[in-house]
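Given next are the chains, with one letter for each unit.
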Number of protein chains: 2
Amino acid sequence: MPIPNFAKGTASAGGSLLPAIAQDATSGRVLMFAWMNEEAFRESLKTGYAVYFSRSRGKLWRKGETSGHQQKVIEIRVDCDADAILLRIEQTGAACHEGFESCFFRQVAKDGSSRIADERLVDPATVYDK
Amino acid sequence: MPIPNFAKGTASAGGSLLPAIAQDATSGRVLMFAWMNEEAFRESLKTGYAVYFSRSRGKLWRKGETSGHQQKVIEIRVDCDADAILLRIEQTGAACHEGFESCFFRQVAKDGSSRIADERLVDPATVYDK
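All values reported here derive from a predicted model rather than from experimental measurement.

## Thoughts on the interface of chain A and chain B
Right, on to step 1. On the side of chain B, 44 residues touch chain A, which itself brings 44 residues to the contact.
Right, on to step 2. Counting the surface lost from both chain A and chain B, the interface buries some 3,400 Å², and carbon and sulfur atoms represent 58% of this.
Right, on to step 3. Among the residues of chain A in contact with chain B, Cys80, Phe104 and Arg106 of chain A are the three that bury the most area, contributing 20% of the side total.
Right, on to step 4. The tally of links between chain A and chain B comes to two salt bridges.
Right, on to step 5. Among the salt bridges present, the one from aspartate 118 of chain B reaches arginine 77 of chain A, with a minimum N-O distance of 3.0 Å.
Right, on to step 6. Among the elements of the structure, strand E1 (18-24), strand E2 (30-36), helix H1 (38-47), strand E5 (71-78), strand E6 (85-91) and strand E7 (106-108) of chain A are those that each provide at least two residues to the side of chain A that touches chain B.
Right, on to step 7. Taken together, the residues of the side of chain A that touches chain B sort by class into 23 nonpolar, nine polar and 12 charged.
Right, on to step 8. Taken together, the three bridges between E5 of chain A and strand E8 (residues 106-108) of chain B define a ladder with antiparallel strand orientation. Looking across to E8 of chain B, one finds that arginine 77 of chain A is bridged to glutamine 107 of chain B.

## Details of the sheet that holds strand E9 (residues 114-116) of chain B
Right, on to step 1. Taken in spatial order, the six strands line up as E2(A)-E1(A)-E6(A)-E5(A)-E8(B)-E9(B) in an open sheet, and their pairing is mixed. Among the strands making up the open sheet, the edge pair consists of E2 of chain A together with E9 of chain B. Taking each pair of neighbouring strands and ignoring which way they run, the sheet shows an average axis angle of 30 degrees.
Right, on to step 2. The pairing of E5 of chain A with E6 of chain A spans seven bridges and is antiparallel. Across the sheet, the residue bridging to lysine 72 of chain A is glutamate 90 of chain A, located in E6 of chain A.
Right, on to step 3. Packing against the sheet, H1 of chain A makes contact with E2, E5 and E6 of chain A together with E8 of chain B, and its axis sits at approximately 125 degrees to E2 of chain A.

## Some points on the pairing of strand E4 (residues 59-62) of chain A
All names here are of chain A.
Right, on to step 1. Note: strand E3 (residues 51-54) against E4, four bridges, orientation antiparallel. Considered in E4, the bridge of serine 54 is made with lysine 59.
Right, on to step 2. The antiparallel pairing of E3 with E4 creates a hairpin that spans four residues between the two strands, and glycine 58 there sits at a positive phi of about 65 degrees.

## Quick word on empty space enclosed by the protein
All names here are of chain B.
Right, on to step 1. Tallied over the full model, the rule gives one cavity of 30 Å³ or more.
Right, on to step 2. When its volume is computed, the largest cavity comes out at roughly 30 Å³.
Right, on to step 3. Every residue along the wall of the largest cavity is listed here: His69, Ala94, Cys96, His97, Glu98, Gly99, Val122, Pro124, Val127 and Tyr128.
Right, on to step 4. In terms of residue class, the lining of the largest cavity is built from six nonpolar, three polar and one charged.

## What to know about the environment of tyrosine 52 of chain A
All names here are of chain A.
Right, on to step 1. Note on placement: tyrosine 52 falls in strand E3.
Right, on to step 2. You can call tyrosine 52 buried: its relative accessible area is 0%.
Right, on to step 3. Through-space distance from the C-alpha of tyrosine 52 to that of glycine 28 is 20 Å; in sequence the pair is 24 residues apart.
Right, on to step 4. Of the polar contacts made by the side chain of tyrosine 52, one reaches the side chain of glutamine 71; its length is 2.7 Å.

## Re the relation of the copies chain A and chain B
Right, on to step 1. Turning chain A through 180 degrees and shifting it by 0.0 Å along the axis lays it on chain B, with an RMSD of 0.0 Å. Such values leave the two copies arranged in the relation of a two-fold axis. Distance from the rotation axis, computed per C-alpha, reaches its smallest value in chain A at glycine 28 of chain A: 2.6 Å.
Right, on to step 2. A shared interface surface links the copies, since 100% of the contact residues of chain A are contact residues in chain B too.

Analysis parameters
- Residues numbered from 1 in each chain as written.
- Chains lettered and ligands numbered in written order.
- Predicted model: local features only at pLDDT ≥ 70, side-chain atom pairs only at ≥ 80, totals over all residues.
- Heavy atoms only, no water.
- Contact = heavy atoms within 4.5 Å.
- Buried area = accessible area lost by both parts, 1.4 Å probe.
- Salt bridge = Lys/Arg side-chain N within 4 Å of Asp/Glu carboxyl O.
- Helix = DSSP H or I, 4+ residues; strand = E, 2+ residues; numbered from the N terminus.
- Nonpolar A, V, L, I, M, F, W, Y, C, P; charged D, E, K, R; others polar.
- Pairing = 2+ DSSP bridges.
- Axes fitted to C-alpha atoms, helices over the stretch in contact; angles between N-to-C directions.
- 1 Å grid on protein atoms, 1.4 Å probe; cavity = no way out; pocket = protein on both sides within 12 Å on 5 of 7 lines; lining within 4 Å.
- Points joined across faces, edges and corners; volume = space filled by probe spheres on them.
- Buried < 20%, exposed > 50% of the residue type's maximum accessible area, 1.4 Å probe, protein only.
- Polar contact = N/O pair within 3.5 Å; in protein donor to acceptor, adjacent residues only side chain to side chain.
- Least-squares fit on C-alpha atoms with pLDDT ≥ 70 in both.

Pasting the structure below:
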């Protein structure tokens, strides 16, 4: 069995995609969820910086290419079924394109309502509208 | 926009599925990756214990139903795009059906080779073959 096993991924324009979780290597905070095809995985391994596959843009997404908010890969782990990837990373700036440290800034209450539970780190306008 | 937004999920026998990450609420360790349909999400919210949708079995998966290794939900977070779910949980026993604390027990090296980097917590035979 190849590890990770991209044959088990979800079919997409970019080929077979596996789920990828980015976690801050120091704080342990889960920063974002994204997808990888085999090319993205290999490039992440080779360059030491996280590369994903953007389903909306239909191409490789070199995280931080526009924003400068790169993710240095500290460790890569793969789960028991070899079909999910965990990246332990060092994040520059904010992981979230909305300017939050983590994309998981929304908390869901027992009644199903949600609220923003974190502070914004940076103003997205200063990052993307240069 | 409903949060999470199941309309953005991946089509499956169980309806639209969104990715769900289970993280140990105390240690911050990422324990497993699974899928939820809307029914699984609502049941998790209502009961306070993690319920997923098993793609292989094609039905709701009440985590720990067989093994006793339940996941008490401490907090639910949803990402910026409302299409990925993070559960901060209290794990009883081992999250992984192979007996490891975390399903992410395999480390991938720079050259693409992988190795088991954790110790087994429990013998799966004692959990599932009762």
